[in-house]
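Fold and contact review
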Amino acid sequence: YPIYAQQAYENPREATGRIVCANCHLAQKPIELNIPKSVLPNSVFEAVVKIPYSDNAQQILANANKGPLNVGAILILPEGFSLAPISRLSEEQKARAKITPIQVYNNQHKNILVAGPLPGDKYKEISFPILSPDPQSNKQTYFLKYPIYAGGNRGRGQLYPNGEKSNNALYTSPVDGKILQINKEENNSTKIVIETNSNNTVTEKLPSGIELIVKEGQIVKTDQVLNKDLNVGGFGQIESEFVLQDPGRIKGMILFFFSITLTQILLILKKKQFEKVQAKQLNI
Ligand code: HEM
């Protein structure tokens, strides 16, 4: 959950560029990010994170039943950009904001936004309304090309914040050896007793919901996978860029194009006039 990231990491983007959700959501699945190419200062625009997955996908839940997937997203904006206040939204955006709970990541990073968990059947697209800063009033911001990073996740993670694996993870044999016993415990968890080559026994406990792919009597190697991979979800991240456009530059550009057109027209008029004079002179 985004809250796990908020609690464990002050900054969700590591030095390598990796977004920390990937530390617990181990499978990789693609996402998309839609943003405008350029935005004006002090204006509201939308960044849409798309988290596609098959509609009928079901996953293993914490209670070992099968159920639908939830989705969540994180958006890392440049410094100075923030979640747009409700008062600045259009009616359509207001209606969407009401049903899409978006939070700032933490007080140090108001430019980082998170959403989720949200039901995946309704939120394969999560729309973040964003307010751009005005470099005229906020001297820390500039008219520049900026990078923007997004992450999106569908489905349950493999690791809990305490380091324990969820029942949506792969379990492996800690040793080389032979499986002596496979016992179902009362709470539906599974205990696997493995005899090592030096005749010690090692016990591996697997939570309810996992599906074993090994049998009693089987020889296993260290790190050999013991259960079926039931994970249908995954996390993906993407980066893009956009320009914070100075309206003065656009006005200047229009003025420049206009002056070029005007001088061209004047040039042609002059040429026509000169042609007339030439024609007169030839007639004499
Ligand atoms: C569950 C998103 C970070 C571990 C989920 C779910 C979402 C999500 C949407 C619900 C999935 C479902 O019910 O189908 C995210 C996002 C993250 C993030 C966007 C980053 C901003 C983390 C981190 C950890 C983690 C850092 C580990 C410390 C888990 C686990 C579950 C889960 C174990 C399953 C919980 C359960 O059902 O028992 N996450 N997550 N997540 N997440 Fe994350």
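Placed above this text is the structure.
Residues numbered from 1 in each chain as written. Predicted model: local features only at pLDDT ≥ 70, side-chain atom pairs only at ≥ 80, totals over all residues. Heavy atoms only, no water.

1. So, the site of the ligand
- The local shell around the ligand holds 23 residues, among which Tyr1, Cys21, Cys24, His25 and Tyr160 are the closest.
- The separation between a nitrogen atom of the ligand and a polar main-chain atom of Tyr1 is 2.6 Å.
- Between the ligand and Arg156 there is a distance of 2.7 Å, counted from an oxygen atom to a side-chain nitrogen or oxygen.
- Given that more than half its atoms are within 2 Å of the pocket grid, the ligand belongs to the largest pocket.
- Secondary structure elements with two or more residues in the shell around the ligand: α1 (2-8) and β6 (70-76).
- Considering each element in turn, the shell around the ligand owes the most residues, 5 residues, to β6.
- Residue composition of the shell around the ligand, grouped by class: 15 nonpolar, 7 polar and 1 charged. (Near = heavy atom within 4 Å. Polar contact = N/O pair within 3.5 Å; in protein donor to acceptor, adjacent residues only side chain to side chain. 1 Å grid on protein atoms, 1.4 Å probe; cavity = no way out; pocket = protein on both sides within 12 Å on 5 of 7 lines; lining within 4 Å. Sits in = over half its atoms within 2 Å of the grid points. Helix = DSSP H or I, 4+ residues; strand = E, 2+ residues; numbered from the N terminus. Nonpolar A, V, L, I, M, F, W, Y, C, P; charged D, E, K, R; others polar.)

2. What to know about the coordination of the iron atom of the ligand
- For the iron atom of the ligand, the protein coordination sphere consists of Tyr1 (N) and His25 (NE2), at 2.1 Å.
- For the iron atom of the ligand, the 6 donor atoms are set out with angles of 80 to 178 degrees between them, so the coordination reads as octahedral. Linking Tyr1 in the segment before α1 with His25 in the loop between α1 and β1 (32-34), this pair joins segments that are 24 residues apart in sequence.
- Since its relative accessible area comes to 12%, His25 is described here as buried. (Donors = N, O, S within 2.8 Å, 3.2 Å for Na, K, Ca; no water. Tetrahedral: all angles 85-135°; square planar, octahedral: opposite > 155°, others 65-115°. Buried < 20%, exposed > 50% of the residue type's maximum accessible area, 1.4 Å probe, protein only.)

3. What about the sheet that holds strand β16 (residues 234-244)?
- Spatially, the 6 strands line up as an open sheet ordered β2-β16-β11-β6-β9-β8, and their pairing is mixed. Edge positions in the open sheet fall to β2 (38-39) and β8 (102-106), since each of these has one partner strand only. (Pairing = 2+ DSSP bridges.)

4. A look at unusual backbone geometry
- In this chain, Gly116 is followed by Pro117 through a cis amide linkage whose omega measures 5 degrees.
- Position of Pro117 relative to the elements: it lies in strand β9 (residues 109-119).
- With phi around 50 degrees, Asn42 is a residue other than glycine that occupies positive phi space.
- Tracing the chain through its elements places Asn42 in the loop between β2 and β3 (44-50).
- We classify Asn42 as partly exposed; its relative accessible area is 39%.
- Of note, the phi angle at Ala64 is positive, near 75 degrees, even though the residue is not glycine.
- With respect to the element layout, Ala64 can be found in the loop between β4 (59-60) and β5 (66-67).
- Judged by its relative accessible area of 27%, Ala64 falls in the partly exposed class.

5. Observations concerning the pattern of salt bridges
- This structure, assessed with the given rule, holds 9 salt bridges.
- With its nearest N and O atoms 3.7 Å apart, the salt bridge here joins Arg18 to Glu14.
- Residue classification places Glu14 among the partly exposed residues on the basis of a relative accessible area of 28%.
- Of the charged contacts, one joins Glu92 and Arg96 as a salt bridge, the two residues approaching to 2.7 Å between their closest N and O atoms. You can see Glu92 and its partner Arg96 sitting in helix α2 (residues 91-99), 4 residues apart, about one turn around the helix.
- On the basis of relative accessible area, Glu92 is assigned to the exposed category, the value being 57%. (Salt bridge = Lys/Arg side-chain N within 4 Å of Asp/Glu carboxyl O.)

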